Amino acid sequence: MSAPYPKRHQEASHSNFIRQIIEADLMAGKYARRRWNGKPGSALSVETAPPDRAKIRTRFPPEPNGYLHYGHAKSICLNFGLARDYGGACHLRFDDTNPAKEETEYVDSIRDAVKWLGFSWDDPGGNRNEYYASDYFEYLYQFAEELLRRGHAYVDSLSAEQMRALRGTLTEPGKKSPYRERPLEENLKLLREMRLGKFADGEHVLRAKIDMASPNINLRDPAMYRIRHASHHRTGDHWCIYPTYDWAHGVSDALENITHSLCTLEFEDHRPLYEWFNERLAEDWTGYDGVKRPGLLQRPLPQQIEFARLNLSYVVLSKRKLVQLVEEKHVEGWDDPRMPTLVGARRRGFTPEGFRLFAERIGVAKSDSWIDFSILEDCMREHLNEVAPRRIAVLDPVRLVIENYPQGKEEECEAPNHPQKPELGRRKLPLSRELWIEREDFSENPPKGYFRLFPGNKVRLRYGYVVECTGYDPATDTVRCIYDPDTKSGTAGAETVKVKGNIHWLSAKHSHPAEVRLYDRLFKVPHPGAGDRDFVPDLNSDSKKVITAQLEAALEDAKPEEQFQFERHGYFAADLKDSRPGAPKFNRAVTLRDSWQKATPQT
């Protein structure tokens, strides 16, 4: 019997435990009876709906209070990738339950980041699955009243300090609030008045009634609603109470028919609460009037599965630390190409294909571990090497004059656009008497083993002629040489003179100057701020160098985000923000090789 899913999925290393769960669920037909009428809703709303065409549903649920970072890229690739691989749908849901920190600007940036990474939130049925926790505020409120009626919640009037005093510790149980047994009618009256804005912030809170003696502190009567007189970016001033994350998240998953709710390990202790809320709402209930009422949520309920978050060396992914970097102006904004944000990565020249390869390569583990930043860089190199056309740039130029080359003469040499892809053709490189070469390609007093230009030595001008250095004029900062006209690359006599050195060059007349930013790792140590130290002293002072380079003429027309390999130097992209028509500025995305490999690890 053939395997039910592609072999590469069965052999996936770290992420296999999640795939095994999904495949077992599908083989057992666990979700086959779910119904879906094209939008989220309660069990009642899907009673007559057709079966869900999506075999699984996952979700990516960011809070729109900042820009996404590299860790979010891992989660995006995981959630959207699993939905794609198993004939499902992944929802983009904004967890907008905190009006004080959320803005439409962040919503737009998150949409753009997911699209840039190559994913869509449309599903097999043609639904555009973009949702917001705020879409469910009315559901959440009505469900909260229902939990009050079922004896699973109460309005607490203790102050925040009093609540903390009763909460207990990891080794001592909590104590019950004196308001825990409030009568139902009083609870309903207070909750409705909270909604109407009749109380000040913090005056009351709605809490779930679970177990104040539970060893899991999350189950000690957690808050469900807090009073907050704040305007929301979507609902305006309609609400004066806002649901907590733990209350809103699981219910939102259930309303959206989510099958597998994937989250990072810090939510493992929250899973019993996630399940408690959904189970209480999904179960049938017979009230004091003897009437049996059906569950409010469709079964089977979503299952929460935890995986290890991305721990990447040489960066910080804490939102608090990222905010500090921006506010203290250690970087030039959220889209600074050194920032580990997706807007910064895109501007730097990193590619969505590189991120997807990175996510596949590191897999998904059950326990925390560190991933070296070089793995991300290698993934970018691997993709850019495949797609980036080659161009020549002289980053630290010194003038070279071919003394026996006729004044005013010009000719063309040929260079491949991509050495591994002859179908991309070749381009013309003009050669003239005066050239630019890299300063490091000349030495008056060369060290042992130096095969480039020095007085009396011969090298090949890549794609051009063999030249012999005759001297250096310090007054004009000019290297002088003569050429052998019988050694042009591609001609019959090209190999008549053997040389060990091969250097890049550009015609001084035909090249053009441009700003180039040489970006490197933002931090100089693998674990910035390790041991609760201040992470700011660990910043790498050489993470950005701005130079004026001489570039091949073809680069003058580079469009923003267009990527190239500058031969010998690395992969570069025309800056998305600062480039202008005919005047691009280039950012180094990554060097050709890992320059940090031999560095001594520091902490």
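Residues numbered from 1 in each chain as written. Predicted model: local features only at pLDDT ≥ 70, side-chain atom pairs only at ≥ 80, totals over all residues. Heavy atoms only, no water.

Time to look at the overall build of the chain. Looking only at helices and strands, one finds 13 helices and 27 strands in the chain. For the chain, the proportion of contacts with a sequence separation of at least 24, taken over those separated by at least 6, is 69%. When the accessible surface of the chain is split by element, carbon and sulfur atoms take 49% of a total near 27,500 Å². Taken as two groups, the 89 positive and 91 negative side-chain charges of the chain have centres that lie 2 Å from each other. (Helix = DSSP H or I, 4+ residues; strand = E, 2+ residues; numbered from the N terminus. Contact = heavy atoms within 4.5 Å. Areas by Shrake-Rupley, 256 points an atom, 1.4 Å probe, with all protein chains shown as cover. Lys, Arg positive; Asp, Glu negative; His and termini not counted. Charge placed at Lys NZ, Arg CZ, Asp CG, Glu CD.)

Among the nonpolar cores identified, the biggest contains 43 residues, and Tyr70, Ile76, Leu312, Leu342, Phe355 and Leu376 are the most heavily contacted of them. For this core, the secondary structure elements donating two or more residues are helix H3 (70–85), strand E2 (89–94), helix H4 (104–116), helix H11 (342–348), helix H12 (352–362), helix H13 (373–387) and strand E27 (586–590). The element that contributes the greatest number of residues to this core is H3, accounting for six residues. Those residues in contact with isoleucine 76 that lie beyond four places of it in its chain are Phe60, Leu68, Gly81, Val114, Leu117, Phe119 and Leu342. Among the nonpolar cores identified, the runner-up in size contains 39 residues, and Ala153, Leu190, Leu255 and Phe277 belong to it. (Core = buried A, V, L, I, M, F, W, Y, C linked by side-chain atoms within 4.5 Å. Buried < 20%, exposed > 50% of the residue type's maximum accessible area, 1.4 Å probe, protein only.)

Another aspect to go through is the packing of helix H5 (residues 137–149) against helix H8 (residues 245–255). Relative to each other, H5 and H8 sit at 110°, their axes nearing to 11 Å. Classified by the angle between their axes, H5 and H8 sit roughly perpendicular to one another. Residue-level contacts link Tyr139, Leu140, Phe143, Ala144 and Leu147 of H5 to Trp247, Ala248, Val251 and Leu255 of H8. Within the contact of H5 with H8, the residues separate by chemical class into nine nonpolar, no polar and no charged. (Axes fitted to C-alpha atoms, helices over the stretch in contact; angles between N-to-C directions. Parallel < 35°, antiparallel > 145°, perpendicular 65-115°, else oblique. Nonpolar A, V, L, I, M, F, W, Y, C, P; charged D, E, K, R; others polar.)

Read across the open sheet, the seven strands follow the order E12-E25-E26-E27-E23-E24-E13; overall the sheet is mixed. With partners counted over all chains shown, the strands left at the sheet margins are strand E12 (390–391) and strand E13 (393–394), one partner each. Bridging between strand E23 (residues 512–519) and strand E24 (residues 544–551) involves eight bridges; their strand directions are antiparallel. In the sheet register, valine 516 faces E24, and the bridge partner there is isoleucine 547. Relative to E27, H13 is tilted by about 115°, and along the sheet it contacts E12, strand E25 (563–566), strand E26 (570–574) and E27. (Pairing = 2+ DSSP bridges.)

This part is about the pairing of strand E14 (residues 397–402). Taken together, the five bridges between E14 and strand E17 (residues 434–438) define a ladder with antiparallel strand orientation. Its bridge partner being in E17, arginine 399 is matched across the sheet by tryptophan 436. Here E14 runs beside strand E20 (residues 478–483); their pairing, made up of four bridges, is parallel. If you follow valine 401 over to E20, its bridge partner there is arginine 480.

Bringing the packing of aromatic side chains into the picture now. Scanning the entire structure with this criterion turns up 23 aromatic pairs. One aromatic cluster in this structure is built from Tyr70, Trp116, Phe350 and Phe355. Looking at arginine 234, its charged tip hangs above the ring of tyrosine 132, at a distance of 3.7 Å from the centre. Cation over ring: arginine 521 sits above tyrosine 314, and NZ or CZ is 4.4 Å from the ring centre. (Phe/Tyr/Trp six-rings, centres within 6.5 Å; stacked < 30°, edge-to-face > 60°. Lys NZ or Arg CZ within 6 Å of the ring centre and 35° of its normal.)

Moving on: the pairing of strand E19 (residues 466–473). Side-chain positions along a regular strand alternate between the two faces of the sheet. Here three bridges tie strand E18 (residues 458–461) to E19, and the two strands are oriented antiparallel to one another. In the sheet register, valine 459 faces E19, and the bridge partner there is valine 467. The loop that links E18 with its antiparallel partner E19 comprises four residues; one of these, tyrosine 463, has a positive phi angle of about 70°. Remark: four residues form the turn of the hairpin made by E19 and E20, two consecutive strands paired antiparallel; aspartate 477 in that turn has positive phi of roughly 50°.

Attention now moves to the side chain of threonine 58. Mapped onto the elements of the fold, threonine 58 is located in strand E1 (residues 57–60). For threonine 58, a relative accessible area of 0% corresponds to the buried category. For threonine 58, the side chain forms a polar contact with the main-chain oxygen of asparagine 79, separated by 2.9 Å. Not counting residues within four places of it along the chain, the set of residues in contact with threonine 58 comprises Asn79, Ala83, Ala89, Cys90, His91, Ile258 and His260. (Polar contact = N/O pair within 3.5 Å; in protein donor to acceptor, adjacent residues only side chain to side chain.)

The next point concerns the sheet that holds strand E6 (residues 223–227). Strand order across the open sheet formed by four strands is E4-E5-E6-E7, with antiparallel pairing between neighbours. Edge positions in the sheet fall to strand E4 (153–156) and strand E7 (241–243), since each of these pairs with one other strand and no more. Taken pair by pair, the neighbouring strands of this sheet meet at an average axis angle of 20°, ignoring direction. The pairing of E6 with E7 spans three bridges and is classified as antiparallel. Looking across to E7, one finds that arginine 226 is bridged to tyrosine 242. Packing against the sheet, helix H7 (residues 184–195) makes contact with E4, strand E5 (205–208), E6 and E7, and its axis sits at approximately 65° to E4.

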